[in-house]
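# Structural description and commentary
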Protein chains: 2
Amino acid sequence: MPEPQITRTFDASSSPEHIRQAIRTAEFTSHTSGLAKGFVQCNLVILEQELAADFLLFCQRNPKPCPIIAMSDKPGNPIISDAGKDIDIRTDIPQYNIFRQGELRKQVTDIYDLWQDNFVSFLLGCSFSFEEALLDDGIDIRNISEGVNVPMYNTSIPCKSAGVFSGNMVVSMRPMKARDAIRAIQICSRFPNVHGAPVHFGDPAHIGIHAISKPDYGDMVTIKPDEVPVFWACGVTPQVAISNARPSISITHSPGSMLITDIRNSQLSIL
Amino acid sequence: MPEPQITRTFDASSSPEHIRQAIRTAEFTSHTSGLAKGFVQCNLVILEQELAADFLLFCQRNPKPCPIIAMSDKPGNPIISDAGKDIDIRTDIPQYNIFRQGELRKQVTDIYDLWQDNFVSFLLGCSFSFEEALLDDGIDIRNISEGVNVPMYNTSIPCKSAGVFSGNMVVSMRPMKARDAIRAIQICSRFPNVHGAPVHFGDPAHIGIHAISKPDYGDMVTIKPDEVPVFWACGVTPQVAISNARPSISITHSPGSMLITDIRNSQLSIL
């Protein structure tokens, strides 16, 4: 009779380093939402060096959808020391999306074999950080309470272009009572590195959204009669800009399977 | 032929002390909006000592509509040194409203003859300060651009009672595009002593306002199709609470004729 396999579980109280070790060995290959409460999780973008300067400028010009938390110190270095202890970007994310000419080709659990010495890695802030701050304040986050992905929409809000990178902003939507939305604007204003304050609330048509019940990404959530939709700049925006640029190769995390850093959410607060 | 009378004019560049001297001699008896840019203007409430403790508690429990900037250091002292140099509350306001049993009886330009040695004076923050901060950020304040009084409404939002003082919140309304409203929430959050962040936006019925085009006080302003009404707690709230309490005597400034202090608006910013 074989030894029973010991499956470790991870939760809000697990340490980032502990979870990353399990991700590195592909013991853990799933979504990271709710893990390691209090610590920043990041979106990943990897591009070849020839596109990195343009992409950095695109992020600098569009800080709400593309807030850079950390990046490679030099091309080809897979160690991102600014994000935590011993982070190897080739292995420490549960699942990667590999794109060729801007089109998704496959999903893998490490990118050891794909690594190039001209790769530049970007870690971008994600909504998990501000959702945690809102939950801690007692505000209902509908996509969490309904257990689905946040609804996301293409908009008519243009990003500022940089080189080959351009596109309209993608937004995520969370419905709230007006008084909670006012509080959410206050709380999120303290976190400019994780999308900051909302970009819009109320009539979706004002930002080019004509079917609120049909999100372009993610799942619809309930909007109650006394609530308004509140819209935040979303980390899908840079993915759309990269897709538009059609680079020969680009790599991102798979949606929901983020890099768990050693940076505390509270350390991102500017106030 | 008589000497031509020299009439001094006052404007945004006039110093608070300079204008107060003209107010003290009744040379200036008009509205103070737009004068002494950068300096805090205050609402005045004077009550007899027996009601002062309850009123102070009412303000403490309802800081958004009733933010106390300064008050008498002891009953009967008309000098409010915390608000500026040599301020005599009996003379330094352009026009006073005198109430008996909560009803307006007359308007006067000084209260020397009415002064009692048990009077306690309260100076409350006013919307002029945050309107200045919003204008400086390039946001249109409709009541200013249309040259009328801000529209104000009774609401169904109850204040927390204190002794004889109770009532619902009165709010002021300024219409804005959603993106300007988000910016206004950020800016006003820095000024809790002048009503702070808005208390509501969007559907007026949610806070018991059923005829947005018919304000209970002030004048209606244009709401454009791409704008939402944004509502702030208003300094008329304590006047309603005092009116409900029907004190034998109470004195306030006349609406729009405020005390111009030596405190800078920027000094009220908490961030």
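Parameters at a glance
Residues numbered from 1 in each chain as written. Chains lettered and ligands numbered in written order. Predicted model: local features only at pLDDT ≥ 70, side-chain atom pairs only at ≥ 80, totals over all residues. Heavy atoms only, no water. Helix = DSSP H or I, 4+ residues; strand = E, 2+ residues; numbered from the N terminus. Rg over C-alpha atoms; globule rule 2.2 N^0.38 Å. Buried < 20%, exposed > 50% of the residue type's maximum accessible area, 1.4 Å probe, protein only. Contact = heavy atoms within 4.5 Å. Areas by Shrake-Rupley, 256 points an atom, 1.4 Å probe, with all protein chains shown as cover. Lys, Arg positive; Asp, Glu negative; His and termini not counted. Charge placed at Lys NZ, Arg CZ, Asp CG, Glu CD. Pairing = 2+ DSSP bridges. Axes fitted to C-alpha atoms, helices over the stretch in contact; angles between N-to-C directions. Least-squares fit on C-alpha atoms with pLDDT ≥ 70 in both. Parallel < 35°, antiparallel > 145°, perpendicular 65-115°, else oblique. Left-handed = near helix turned anticlockwise from the far one by under 90°. Nonpolar A, V, L, I, M, F, W, Y, C, P; charged D, E, K, R; others polar.

### Focus on the overall build of chain A
Across its full length, chain A carries six helices and 11 strands. Computed over C-alpha atoms, the radius of gyration of chain A comes to 18 Å, within 12% of the 18 Å expected from 2.2 N^0.38 for 271 residues, which places it in the range of a compact globule. The principal-axis extent of the C-alpha atoms belonging to chain A is close to 55 × 50 × 40 Å. In chain A, buried positions account for 54% of the 271 residues. Long-range contacts, defined here as pairs at least 24 residues apart, represent 77% of the contacts in chain A between residues at least 6 apart. By element, 49% of the accessible surface of chain A is carried by carbon and sulfur atoms, the whole surface being about 11900 Å². In chain A, which carries 23 positive and 29 negative side-chain charges, the distance between the mean positions of the two groups comes to 4 Å.

### Some details on the sheet that holds strand β9 (residues 228-233) of chain A
The pairing of strands in a sheet comes from backbone hydrogen bonds and takes either a parallel or an antiparallel form. Residues and elements named next belong to chain A. Spatial strand order, β6-β7-β9-β8: four strands in an open sheet with antiparallel pairing. Where the open sheet ends on each side, the last strands, each with one partner, are β6 (152-158) and β8 (200-201). Sheet topology places strand β7 (residues 168-176) next to β9; six bridges connect them, and they run antiparallel. Looking at the pairing, S172 lines up with W232 of β9. Strands in contact with helix α3 (residues 127-136) are β7 and β9; relative to β7, the strand with the most contacts, it is inclined by about 20°.

### Some words on the pairing of strand β10 (residues 250-253) of chain B
All names here are of chain B. Direction of pairing for strand β1 (residues 39-48) relative to β10: antiparallel, over a ladder of three bridges. Paired with V45 across the bridge in β10 is T252. Bridge count between strand β3 (residues 96-100) and β10: four bridges; the pairing is antiparallel. Bridged to F99 within β10 is S250.

### A few points about the relation of the copies chain A and chain B
In screw terms, the move from chain A to chain B is a rotation of 180° and a rise of 0.0 Å along the axis, fitting with an RMSD of 0.0 Å. These values place the two chain copies in the arrangement generated by a two-fold rotation axis. Closest to the rotation axis within chain A is the C-alpha of Q186 of chain A, separated from it by 3.1 Å. Comparing contact sets, 100% of the residues at the interface of chain A also lie at the interface in chain B, consistent with an isologous, same-surface contact.

### Considering the packing of helix α3 (residues 128-136) of chain B against helix α5 (residues 178-189) of chain B
Residues and elements named next belong to chain B. Running from amino to carboxyl end, α3 crosses α5 at an angle of 130°, the nearest separation of the two axes being 10 Å. For the element pair α3 / α5, the angle class is oblique. The handedness of the crossing between α3 and α5 is right-handed. Seen from α3, the contacting residues are F130, A133 and L134; seen from α5, they are A184, I187 and C188. The residue makeup of the contact of α3 with α5, split by class, is six nonpolar, no polar and no charged.

### Focus on the environment of F39 of chain A
All names here are of chain A. By the element assignment, F39 lies in strand β1 (residues 39-48). Take F39: its relative accessible area is 17%, and that puts it in the buried class. Between the alpha carbons of F39 and I260 there is a distance of 7.1 Å; along the sequence they are 221 residues apart. In this structure, F39 is in contact with P16, T261, D262, I263, R264 and N265, ignoring residues within four places of it in sequence.

Scope: geometric values only; no functional claims are made or implied.
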